[in-house]
Amino acid sequence: MSKLFAVLGSPISHSKSPAIHGAAYRVLNEEWSYGRFEVVRGGLKRFIENEGSTYSGFSVTMPLKGNAFSFADETDDLSKLTKATNTLVLSNGKWLGFNTDIFGITQSVGSKLSSPMKSALIIGSGATATSSLVAIAQLSPTATVKIFARNKQAAKDLVAFGKSLNLEVRRTRFLISALAKADLVISTLPGGALDDVAKKLTTRTSFKPKGLLLDVAYSPWPSALATVWSGRGCPVASGKDMLIWQALAQIRIFKNGNPSEPLLNEVAVLEAMRIAADE
């Protein structure tokens, strides 16, 4: 049965989601199509009710995850917890909302952490930063977390949210020091936002990070920060990894209605998605 899906957000032209989803659909022998649409903050409801009225589901990226949470008729527990939804699917006339970003983060970094995570740094204060806190709480509930964000109120809210998860969380104003000390660094900023910081780090030969970096921005890749990180011999998780894993959970939802129910031939699906992400 033919179905239409798409990714919505702004900016969206760089998105690899159409290639990744398309590759998975071919392995699953589904006659589904997946596109992308530029939708700005506040425009989600109008788009879905007009241009998107024939669609069965959507992936939702920045800056629409809060809009998607408000729009959904029903949401899963992780969406309720984070107030952020990145997946919408139409079921029996209702829009159901899910957060698969947390799964994407835990899967992309969990296997790359070489030792128990005691400390983490989150850069940014948006919806992905909120999901990152939940992922850290799942991976290491005793970890100490620092938040680096320019928006003071958003950072304060994020610290309060982290404490509600029983994490030890505080804000930091010293980014370079925090980058060096964390077992896990998650940058949730758009591509290029940390290029100036990375440029400074390249001149500091003494800078040596101790942990894993997940840079959720994957265009361009490698990012300037990821280049510094790998150049100093430290592990990096690409935003492509997160994209693939959260997309896998989305496809489980589109196919089975459940982000935890594996797909048939899921190993082959994942391999096809990885190849598509690298093309």
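Basis of the calculations
Residues numbered from 1 in each chain as written. Predicted model: local features only at pLDDT ≥ 70, side-chain atom pairs only at ≥ 80, totals over all residues. Heavy atoms only, no water. Pairing = 2+ DSSP bridges. Helix = DSSP H or I, 4+ residues; strand = E, 2+ residues; numbered from the N terminus. Contact = heavy atoms within 4.5 Å. Axes fitted to C-alpha atoms, helices over the stretch in contact; angles between N-to-C directions. Core = buried A, V, L, I, M, F, W, Y, C linked by side-chain atoms within 4.5 Å. Buried < 20%, exposed > 50% of the residue type's maximum accessible area, 1.4 Å probe, protein only.

Peer 1: It is not clear to me how the sheet that holds strand E4 (residues 74-75) should be interpreted in this structure. Could you clarify?
Peer 2: The strands that make up a sheet pair up through hydrogen bonds in the backbone, lying either parallel or antiparallel. Strand order across the open sheet formed by six strands is E2-E1-E3-E5-E6-E4, with mixed pairing between neighbours. Of all the strands in the sheet, the pair left with one neighbour each is strand E2 (32-38) and E4. Where strand E1 (residues 3-9) meets strand E3 (residues 57-60), four bridges bridge the pair, whose relative direction is parallel. Across the sheet, Leu8 pairs through a bridge with Val60, a residue of E3. Relative to the sheet, helix H1 (residues 17-27) contacts E1, E2 and E3, its axis offset from that of E2 by approximately 170°.

Peer 1: Even after reading the chapter, I still don't get the nonpolar core, so can you show me in this structure?
Peer 2: Note on soluble globular proteins: their nonpolar side chains tend to be buried together. Counting residues in hydrophobic clusters, the biggest one holds 30 residues, and the most contacted among them are Leu133, Ile136, Val145, Ile147, Leu167 and Leu184. Of all elements in the fold, only helix H5 (101-110), strand E7 (119-123), helix H6 (127-139), strand E8 (144-148), helix H7 (152-164), strand E10 (184-187) and strand E11 (212-215) reach the threshold of two or more residues within this core. The dominant element in this core, judged by the number of residues it contributes, is H6, at six residues. Excluding its chain neighbours within four sequence positions, the residues that come into contact with Leu133 are Ile122, Val145, Leu158, Phe161, Gly162, Leu165, Leu167 and Val169. Within the second largest apolar cluster, 26 residues are counted, among which are Ile12, Tyr25, Ile244 and Leu270.

Peer 1: How should the sheet that holds E10 be read in this particular structure?
Peer 2: With parallel pairing, six strands are arranged side by side in an open sheet as E9-E8-E7-E10-E11-E12. Among the strands making up the open sheet, the edge pair consists of strand E9 (168-171) and strand E12 (236-238). Geometrically, the sheet is characterised by an average inter-axis angle of 15° between neighbouring strands, direction not taken into account. Here E10 runs beside E11; their pairing, made up of four bridges, is parallel. Bridging across to E11, Leu184 finds its partner in Leu212. Sheet strands in contact with H7 are E8 and E9, and its direction is about 170° off that of E9. Contacting E10, E11 and E12, helix H10 (residues 224-231) crosses the sheet at an angle of about 165° to E11.

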